[in-house]
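The residues making up each chain are set out below.
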Number of protein chains: 4
Amino acid sequence: MTHNVAILGASGYTGAELVRLIATHPAMKIVGLSGNSKAGMAMADVFPHLRHLDLPRLTTIDEMSFDDVEIVFCGLPHATSQKIIATLPKSVKVVDMSADFRLRDPAAYEKWYGKPHSAIELQKEAVYGLTEFYREQIKTARLVAGTGCNAATGQYALRPLIAAGVIDLDHIIMDLKAAVSGAGRALKENLLHAELSEGAHAYAVGGTHRHLGEFDQEFSALAGRDVHIQFTPHLIPANRGILATTYVIGDPANIYHTLNATYAQEPFIEVLPMGQHPSIKHIRGSNFCHIGVVADRIPNRTIVIAALDNLTKGSSGQAIQNANLMLGLPETEGLMLAPVFP
Amino acid sequence: MTHNVAILGASGYTGAELVRLIATHPAMKIVGLSGNSKAGMAMADVFPHLRHLDLPRLTTIDEMSFDDVEIVFCGLPHATSQKIIATLPKSVKVVDMSADFRLRDPAAYEKWYGKPHSAIELQKEAVYGLTEFYREQIKTARLVAGTGCNAATGQYALRPLIAAGVIDLDHIIMDLKAAVSGAGRALKENLLHAELSEGAHAYAVGGTHRHLGEFDQEFSALAGRDVHIQFTPHLIPANRGILATTYVIGDPANIYHTLNATYAQEPFIEVLPMGQHPSIKHIRGSNFCHIGVVADRIPNRTIVIAALDNLTKGSSGQAIQNANLMLGLPETEGLMLAPVFP
Amino acid sequence: MTHNVAILGASGYTGAELVRLIATHPAMKIVGLSGNSKAGMAMADVFPHLRHLDLPRLTTIDEMSFDDVEIVFCGLPHATSQKIIATLPKSVKVVDMSADFRLRDPAAYEKWYGKPHSAIELQKEAVYGLTEFYREQIKTARLVAGTGCNAATGQYALRPLIAAGVIDLDHIIMDLKAAVSGAGRALKENLLHAELSEGAHAYAVGGTHRHLGEFDQEFSALAGRDVHIQFTPHLIPANRGILATTYVIGDPANIYHTLNATYAQEPFIEVLPMGQHPSIKHIRGSNFCHIGVVADRIPNRTIVIAALDNLTKGSSGQAIQNANLMLGLPETEGLMLAPVFP
Amino acid sequence: MTHNVAILGASGYTGAELVRLIATHPAMKIVGLSGNSKAGMAMADVFPHLRHLDLPRLTTIDEMSFDDVEIVFCGLPHATSQKIIATLPKSVKVVDMSADFRLRDPAAYEKWYGKPHSAIELQKEAVYGLTEFYREQIKTARLVAGTGCNAATGQYALRPLIAAGVIDLDHIIMDLKAAVSGAGRALKENLLHAELSEGAHAYAVGGTHRHLGEFDQEFSALAGRDVHIQFTPHLIPANRGILATTYVIGDPANIYHTLNATYAQEPFIEVLPMGQHPSIKHIRGSNFCHIGVVADRIPNRTIVIAALDNLTKGSSGQAIQNANLMLGLPETEGLMLAPVFP
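So, how was this worked out
Residues numbered from 1 in each chain as written. Chains lettered and ligands numbered in written order. Predicted model: local features only at pLDDT ≥ 70, side-chain atom pairs only at ≥ 80, totals over all residues. Heavy atoms only, no water. Helix = DSSP H or I, 4+ residues; strand = E, 2+ residues; numbered from the N terminus. UniProt positions renumbered as here; feature names shortened; annotations may be inferred. Domains from an automatic or database assignment. Salt bridge = Lys/Arg side-chain N within 4 Å of Asp/Glu carboxyl O. Polar contact = N/O pair within 3.5 Å; in protein donor to acceptor, adjacent residues only side chain to side chain. Axes fitted to C-alpha atoms, helices over the stretch in contact; angles between N-to-C directions. Parallel < 35°, antiparallel > 145°, perpendicular 65-115°, else oblique. Left-handed = near helix turned anticlockwise from the far one by under 90°. Contact = heavy atoms within 4.5 Å. Nonpolar A, V, L, I, M, F, W, Y, C, P; charged D, E, K, R; others polar. Pairing = 2+ DSSP bridges. Least-squares fit on C-alpha atoms with pLDDT ≥ 70 in both. Buried area = accessible area lost by both parts, 1.4 Å probe. Phe/Tyr/Trp six-rings, centres within 6.5 Å; stacked < 30°, edge-to-face > 60°. Lys NZ or Arg CZ within 6 Å of the ring centre and 35° of its normal. Expected span 1.5 Å × (residues − 1). Bend = angle between axes of the 7 residues up to and from the residue.

**Brief notes about the environment of C:V69**
Then, in step 1: Tracing the backbone through its elements, the reader meets C:V69 in the loop between β3 (58-59) and β4 (71-74).
Then, in step 2: Sequence separation between C:V69 and C:V5 is 64 residues; the distance between their C-alpha atoms is 5.5 Å.

Written out as C-alpha cells, the structure reads:
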C-alpha cells in the first residue's frame, strides 16, 4: 500500500533530501509540494538533480489540497510552521521539521526563539521526534516535532549517559563541527564558497545556540534536575555532516558499556569498538549515526564522539523514520541507503 | 530470487561503490570479497562507512570459492585482471571493470597499455559494456568489459552524432573535467588534499590518455572511417563526477534532435531542454547521465556537455546495470537512487 | 617617496586584494576607502584578515576628499564606475577595474553591457590595461581600464599567436575553468558553498560571456580582420584561479617559439618548458601567469594553457602593476610575492 | 646586509613555505637547499610555484657546503634532525623545525617520540622557539627549537592565563581543528583528497598527540606544578590553518584582560574585541595569530579560541621570526605579508 505525502517548504535542502529519500521509498508517494517563493516552478528547475522523477509542480500552500494526503512533512521556517500547521485538517498527520514544537515549555520557546508561541494547544500534543527515545509515542502521534540536527547528534552521545548517571552532570562540554547545509539555502555572506572554503570558525559561542533549548529540556528531564551543558558549534568547509566531540567526566569502560547496551538493537545507531571514533565521511548521505568512545590520559575523563548527516539522520531521514512509525510501516523502510563514499 | 555475486578488488573505490549499490539491490547478495593487500580484514575496517552491512571478510582471490557465485565483478588493475579472469570457472559470468577487455584489437591494446594482451581468446568473447549501445549483446554475454569512465561520458555525448552523420568528424574537441576518485585510491602526491584542493590542471594532454583507445575504436566503427578526436582531461578539486565539454561543428537543432531521439526511452540518460547544460553536482552518487546542447554564437558550431558520476554511471553503476541484464533482471533494478544534493 | 592612493568599492574581493598588496608595497599609502553599503565601518569589521593594518574607515564616495590623492583604484560595478569616474578631479589618476572603459567602440559596449555608455569622452582617453601589451601608453595615461580576468588569461595565451599569424584564426576554442571569487562577493544561490563545492558546470555557454567583447576587440585589431573565438567558461569549486585551455590549429614548435620569444623578458609571464602545462595551484595569490604548450597527437593541432590568479594578475595585481607604471615606479614594485602553496 | 641561509629538507611543505617567505625577505639569501630524495632536481620541478625564483638546485646534505652559510633552517624529520644538526659546524646558527629539541627532559623525549635522544648535549643549549615568550634567549641562541604548530596555537591561548593564575589548572580542555598541511607531504590514505574532502574526524584522541609533551613541559613550568590538559585534535578539509577552541574555568573579563595585556605590544598576536572570535580564513598565509575570548552562559566558564596558519606562524614564519632575532634583524622583517583572503 502506498501512502500519499505532501512536503511543505520543498525548495530548501531538507525538502530536496525528503524527495531524494522518498524517490526510492517503496510505500510513499509525493502528491503535493509547496514552495511559496518558487510556486509554479517544476522541481526539475529548482533542483535539477531530481529531474528524473515524476513530481508535482510546486504550488503555494493555499493552492494545495490535503484531501488525499495522509501525512505532511513541514519544512517551513519556525514561527511560520506553527501558523500553517494550525490550519491543516486534523485528519492529516504531520512531521514538522522546524523548531516550533520541540520545546514543551512555552516560556522556553519564547526565550530561545524570541517571540511567544501562537499554537500552544498544538504544542501540547506534539511528540519530540528523537525516534530511538520516543518511539512508542511517535507511533500514535498526529504531530511529531523533528529535532534540531545538532540536538540530535548531541543527544545520541549523551542521553544514555545522563539517564544512567555515569557522568558528572556539571562538567559536560560539547564541541561540535557542523557542515554548511545545516544553515539551509540562505543567501548569507558567510555561506559563500569563497568565504567558507579553506575556513573554519566557531559560531553562537558562549551558550547562545538555540539547540541548547532542546539539550536543556531533554537532559534535565532525564536527570531529574537542571542540566546545562557547554555547547560550541563550529562551521567547517564541508556540505553534509555533524561531528560532536563530547568531553565528560566518568569511567570510560562504564560509559562505553552504557552506550553499547542502549544501542545494541538500534538499526541506525552504530557504537564503534572501544577506542575507535567516527568521521562524517562515513555516514554521509545515510541515516546512520556512528558513536565512538575513547578514554583520555587523565583518569576518569572520557571523550564521546558522535557523527551523523545533518540532512538525513539529523532532519529528513529522521522525518521519514518517524513517518514510517506513524504510518505503521517498518521503521527502516526506504532508509537503508548506504553512505556515499568517497 | 537472489543472485550470489563476488567482487574482486573490493578494497578500492569502485569496490566500495559496488557494495554501496548492492546493499539496497533487492536481487543480489555478496558472498565473496577479495582484496589481496587487505586480505583478512573486515570490510568495516577498510571502509567504515559500510559497517552496518553483514559482509564477508576480505580474502585473497586464491582463497575464494566460486562454487555458489553466479557473477563476478572484477575491480582489479589492468593486466592483472586478464590473468585472473582467465582462471575463473567458465560457469561464472564476469563484469570486468578494468581496461583489459575494452579494446578489440590486440595491437591497440598493446599500443595504449604498453604490453601484449595475454588472454586474447577471452577478449574475443568480451562485449563492450556501454549498456545503451550494446544492450542486446550484453544480455547474453559471459564477459562484459566495463568502459572507461571518461570514455563513457564522451560517448554519451558523441555516439549518436557520429552515427547520424550530423557533425564534422575531423574537428571534434573534448575538454573534460574529472573529479579525483577516478584516479582510484592510489597514494600519489598529486592526489593529496593539500595538492589538489584549490588546484586545477590538465593531464595526459596532447592525446595520450588511454581512454582515447576506446574513443578511436568506437567512433571509427560507427563512422566507417578513422575518427580521431582531441581529448584533454583536467583534474578538478572534487571527489566524484565527470563533465565533458564537447565542441563540434554541426547544426545545433539537428544535434539536439539527434540526441533527444536517441535517448528518449533511456531510463538513465537525460537530455536537458535545448540551451540548458549539466553540472556534476546534479548527478552525484547516481546512475544518471545529463546531457546539454547549446548553440554557439558562431553559426554551425555546437557545444554538447555531458555529466555523470565516474564511480556510478562511469563504472560500478554501469557494472550493476550490465549485471542486471546478464542475470535477466530489470535493467534499472537497484539503480534508481536519486543523486545526493547538496 | 610614498604615493597616496584611494580605493573606491573597497568592500569587495578586489578591494580586499588591493589592500593586501598595498600593505607591503613600499611606495603606496592608502588614504581613502569607500564602500557605500558599508560606509562607517572599520575595514577590520568588513575584512577581519586586515585587522593588523592601520587603515582609514570606510566612507561613502561623497564623503571622500581627493585633495591628497594621487591615484584612485576604482572597484565599482560597471555603469556605476563610469558615472563616478566622470566626477573625479582631473588631477587624479585612475585605474578602473570595472568593465566600463575596456571597449573602445560604444556600440560594442552597448551590445555586451546592455545600455549606452554615459561617459564616451572619458572612454576615448582610456588605455586598455593589459600591461605587457600596452605598457608605453599606460605610463602616460590618466585613466587605465583594467581588463576582465578571463580576458587577461586568454589574451596571454593567444595575442602573440594571432599577432604572429601562426594559428588558424577561424578555429580557436577556449575552454576556461574559473574559481568562484571571480564572481565577486555577490549573494547568489550558485555561489553558496553547499551548491558549488563538489560541483562543476559551464556558464555563459555559446558565446554570451561579456569578456568576449574584449577578445573580439583585441584579437580583431591584432589580426586586422574580424576574429571570433569560441569561449566557454566553467565554474569550478576553488576560490582563486583561472585555467584557460586553448585549442588552436598551428605548428606546436612555432607556437611555442612565438610565446617564448614574446615573454622572454617579462617579469610576470612564465612560459613553461615545451610539453609542460600549468596549474592554478602554482600561481595562487601571486601576480604570475604560467603558460604551457603541448602538441596534440593530431598533426598541426596545439593546446596552449594559461593560468593566473583572477584576483591578483587578473585584477588587483594588474591594477597595481599599471599604477606602478603611471606613478613612475618600478613595474614590479610590491608585486613579487611568491604564490601561496599549498 | 644580506645573510646567507640554507634549508635542509626543502622538498616538504615547511621548506616551500620558507622559500616563499624568504623570496621577499630583504635581508636573507638562499644559498643551499637540500632534499635527499629529490637531490639533483631544480626547485621549479619540485615546487612549480617557485619557478620565478633564482634558487640553487637541491642537493644531498653531504654535498652541501656550509662555509658561507650563516644560518640553517632544518626541516628534517625528527630523529634525523638531531643527527644532522650534530654534524654541522659550530659557527652556523640553526633553527630546527623538527620535534627534536623541543623537550628539555630526555625522558620526556623518549616517552613521546619512542626512542632515546642521541644529541643530549645539543638539547641542553637549545632554546624553545615560541618567540613571544623566549625572545631574549633566542636573540643569543645558536640553536632554536621551533615549536609544534598545534603546540604554538594552544600556548598563545593559555600561557598568559596559566602564568597569571586566572584559570583552574585541573580543567583545561583544548579541542583543536587542524588543516591537512600540518601532516606534511606524506603519502597516506587519509590525506588523499577523496578521503578528506567532505570529511572531518578526530585523531590522536585521548591524550596521545606528541605536542602534549610541549604543553606538559611549558604549562607545568609556568604553573610551578604539574599541569595536564585534555587535548583532542581534529582533521578538517582545509589546507592551512589551526583553530584551537579552549574551554577553561575562570572569570571571562579577567581572562580577557590578561590576554589583552600580555599581547598589547606584540606585532603578530591580535586579541580580538571581547566576544569576537577568529577564523582560520583570516590568518591564512600570514604570520598573525588571532585570539578571541567569549564568556559562556555558565558563570565562570570561558572559551578562548586561537587561530594561526600552521605553515607560517606555526612553523616557517616562526622560524623566520626567530632567525631575524638571531641575526640581529628587526623581528618582523619579511613577515608583514597580509593574509590571503578569500
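Now that the structure is up, let's keep going.
**Regarding the UniProt feature "domain: Semialdehyde dehydrogenase NAD-binding" (unreviewed entry) in chain A**
Then, in step 1: Listed under "domain: Semialdehyde dehydrogenase NAD-binding" (unreviewed entry) in the UniProt record, and renumbered for this structure, are residues 4-141 of chain A.
Then, in step 2: Annotation note: span residues 4-141 of chain A, helix share 34%, strand share 17%, distance between end C-alpha atoms 18 Å.

**Description of the domain arrangement of chain A**
Residues and elements named next belong to chain A.
Then, in step 1: What the domain assignment lists for chain A is domain 1 (3-147 + 313-326) and domain 2 (150-309).
Then, in step 2: One can count 4 salt bridges joining domain 1 with domain 2.
Then, in step 3: In this structure, E218 engages R104 in a salt bridge whose closest nitrogen and oxygen atoms are separated by 3.1 Å.
Then, in step 4: At the boundary of domain 1 and domain 2, one finds 18 residue pairs in polar contact (both at pLDDT 80 or more).

**Quick look at the packing of helix α1 (residues 13-23) of chain D against helix α11 (residues 312-326) of chain D**
All names here are of chain D.
Then, in step 1: Direction vectors running N to C along α1 and α11 enclose 50°, while the axes themselves pass 9 Å from each other. Taken together, the axes of α1 and α11 are oblique relative to one another. In the packing of α1 onto α11, the handedness of the crossing is right-handed. Here T14, E17, L18, R20, L21 and I22 of α1 come into contact with α11, specifically with T312, S315, S316, G317, A319 and I320.
Then, in step 2: When grouped by side-chain class, the residues that make up the contact of α1 with α11 number 5 nonpolar, 5 polar and 2 charged.

**Things to note about the sheet that holds strand β3 (residues 58-59) of chain D**
Then, in step 1: Spatially, 7 strands are ordered β3-β2-β1-β4-β5-β7-β6 (chain D) in an open sheet, and the strand pairing comes out parallel. At either end of the open sheet lies a strand with only one pairing partner, and these are β3 and β6 (127-128) of chain D.

**Some points on the relation of the copies chain C and chain B**
Then, in step 1: The two copies are related by a screw motion: chain C maps onto chain B through a turn of 180° and a shift of 0.0 Å along the axis, at an RMSD of 0.0 Å. What we have between these two chains is a two-fold relation. Scanning chain C for the C-alpha nearest the rotation axis identifies C:P237, at a separation of 3.2 Å.

**Some remarks on the interface of chain D and chain C**
Then, in step 1: Listed as interface residues are 35 residues of chain D and, on the opposing side, 35 residues of chain C.
Then, in step 2: Taken together, the two surfaces of chain D and chain C that pack against each other cover about 2900 Å², and 64% of this comes from carbon and sulfur.
Then, in step 3: The tally of links from chain D across to chain C stands at 0 salt bridges.
Then, in step 4: Put simply, chain D and chain C have 6 residue pairs in polar contact (both at pLDDT 80 or more) between them.
Then, in step 5: The element that contributes the greatest number of residues to the side of chain D that touches chain C is α1(D), accounting for 4 residues.

**Digging into the UniProt feature "active site" (unreviewed entry) in chain A**
Residues and elements named next belong to chain A.
Then, in step 1: In the numbering adopted here, UniProt assigns the feature "active site" (unreviewed entry) to C149.
Then, in step 2: Considering the arrangement of structural elements, one finds C149 in helix α7 (residues 149-164).
Then, in step 3: Leaving out residues up to four positions away in the same chain, C149 has contacts with H211, I242, L308, N310 and G314.

**A look at the packing of aromatic side chains**
Then, in step 1: In this structure the tally under the stated criterion is 40 aromatic pairs over all chains.
Then, in step 2: Measuring from centroid to centroid gives 6.4 Å for B:Y156 and B:Y263, while their planes differ by 70°, and the two rings are edge-to-face. Placement of the pair is B:Y156 in helix α7 (residues 149-164) and B:Y263 in helix α10 (residues 252-263), with a sequence separation of 107 residues.
Then, in step 3: One aromatic cluster is present, formed by A:Y13, A:F47 and B:F341 through successive ring pairs.
Then, in step 4: Sitting over the face of the ring of D:F133, D:R159 holds its NZ or CZ atom 4.7 Å from the ring centroid.

**Quick word on the sheet that holds strand β8 (residues 173-178) of chain A**
Residues and elements named next belong to chain A.
Then, in step 1: On the basis of which strands lie adjacent, the open sheet formed by 7 strands has the order β9-β10-β8-β11-β14-β13-β12 and mixed pairing. Each having just a single partner strand, β9 (201-202) and β12 (269-271) make up the two edges of the open sheet.
Then, in step 2: For strand β13 (residues 289-295) and strand β14 (residues 301-308), the ladder comprises 7 bridges, and the chain directions are antiparallel. Residue I291 lies in a different strand from β14, and its bridge partner there is A306.

**Quick notes on the interface of chain C and chain B**
Then, in step 1: If you look at the interface, chain C gives 51 residues, while chain B gives 51 residues.
Then, in step 2: Both sides of the chain C and chain B interface together cover about 4200 Å² of buried area, and 54% of this is carbon and sulfur.
Then, in step 3: Looking at the side of chain C facing chain B, the largest losses of area belong to C:E198, C:Q230 and C:R297, adding up to 20% of the total buried there.
Then, in step 4: Our count for the contact surface shared by chain C and chain B stands at 6 salt bridges.
Then, in step 5: There are 30 residue pairs in polar contact (both at pLDDT 80 or more) connecting chain C and chain B.

**Section: helix α11 (residues 312-326) of chain B**
Residue and element names in this part refer to chain B.
Then, in step 1: Here α11 spans only 18 Å end to end across 15 residues, well under the 21 Å set by a 1.5 Å rise per residue.
Then, in step 2: Its axis deflected by about 45° at Q318, α11 carries its strongest bend there.
Then, in step 3: G328 occupies a position one or two residues after α11 and carries a positive phi of about 75°.

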